[in-house]
Each structure stands twice: as structure tokens, then as C-alpha cells.
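Each chain, written out:
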Amino acid sequence: SAASDVYKRQDLERGVIGWDMAQVVGLARAAKDCGYITKEQAWEYIEQASTLCSEILRTPEEIDKSFLIGGAMKSNKIEDWEELILCYSLLRNSGE
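Described below are features of the structure shown in this document. Given the structure is predicted, the values throughout are model-derived calculations rather than measurements.

## Quick look at the packing of helix α2 (residues 17-33) against helix α4 (residues 60-74)
Then, number 1: At their nearest, the axes of α2 and α4 sit 6 Å apart, and the two run at 80 degrees to each other. Regarding the angle of α2 to α4, the classification is roughly perpendicular. Facing I17, G18, W19 and A22 of α2, the residues of α4 in contact are I63, S66, F67, G70, G71 and K74.
Then, number 2: Here the contact of α2 with α4 is composed, by residue class, of 5 nonpolar, 4 polar and 1 charged.

## Focus: the packing of α2 against helix α3 (residues 39-56)
Then, number 1: The contact between α2 and α3 brings their axes to 9 Å, and the two run at 175 degrees. Comparing their axes, α3 and α2 come out roughly antiparallel. Contacts between α2 and α3 pair I17, G18, M21, V24, V25, A28, R29 and K32 from the former with K39, A42, Y45, I46, A49, L52, C53 and I56 from the latter.
Then, number 2: Of the residues belonging to the contact of α2 with α3, the class tally is 12 nonpolar, 1 polar and 3 charged.

## Overview of α2
Then, number 1: Spanning 17 residues, α2 covers 24 Å between terminal C-alpha atoms, matching the ideal 24 Å at 1.5 Å per step.
Then, number 2: Within the span of α2, buried status applies to I17, G18, W19, M21, A28 and A31.
Then, number 3: The first or second residue beyond α2 is G35, which carries a positive phi of 85 degrees.

## Considering the side chain of S66
Then, number 1: Counting through the fold element by element, S66 comes out in helix α4.
Then, number 2: A polar side-chain atom of S66 sits 3.2 Å from the main-chain amide nitrogen of I17.
Then, number 3: Not counting the four nearest positions on each side in its chain, S66 is found in contact with G15, V16, I17, G18, W19 and L57.

Basis of the calculations
- Residues numbered from 1 in each chain as written.
- Predicted model: local features only at pLDDT ≥ 70, side-chain atom pairs only at ≥ 80, totals over all residues.
- Heavy atoms only, no water.
- Axes fitted to C-alpha atoms, helices over the stretch in contact; angles between N-to-C directions.
- Helix = DSSP H or I, 4+ residues; strand = E, 2+ residues; numbered from the N terminus.
- Parallel < 35°, antiparallel > 145°, perpendicular 65-115°, else oblique.
- Contact = heavy atoms within 4.5 Å.
- Nonpolar A, V, L, I, M, F, W, Y, C, P; charged D, E, K, R; others polar.
- Expected span 1.5 Å × (residues − 1).
- Buried < 20%, exposed > 50% of the residue type's maximum accessible area, 1.4 Å probe, protein only.
- Polar contact = N/O pair within 3.5 Å; in protein donor to acceptor, adjacent residues only side chain to side chain.

Put into C-alpha cells, the structure is as follows:
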């Protein structure tokens, strides 16, 4: 339907920031665990990621969709795409 096409387009326009910010959080935690940065520095990175993410993504569903789209784009395996698309479809349909 036209409404679902708009939702898909909006999801794509929001992009993969959910995925990117999850990567920032993971790297900050790993860097802290390895002793490269302090706990306080890690939290600064995590808070910056949260702020950037919240400027574009307004709901938990938008965050989830953005993360899934980013994961699909990162993966080279078609099996991953199929699983991520199924998760995305379930999320998209849950809001209708």
C-alpha cells in the first residue's frame, strides 16, 4: 500500500545510524575493558552516541529498524539478509 511504502522510505531515509551508534557503544566498552580509555571516557562516547541517535530516531521501533537495516547492509551472507528482513518486516507490521 502507499502508506507502507512511505514507512519503508522513511526508514531508509533515517538510515543506519542505529547500527552505527551500536558499533560506537561496543567499541567504547571494548576500549574501556582493554584499558585504552577510562570508564568516564567510555560513558562520554556512549552519551554522544545516544544524543546523535535520538536526533534522528524517535522511537524504539525506529532504532530497531535502523539497526536491522545497518546489519543487513554490513553482512555479505544472503541468509543474514533474509533473517534481518524478516525481523524488519515483523517490526514494520507491528506498528500498523
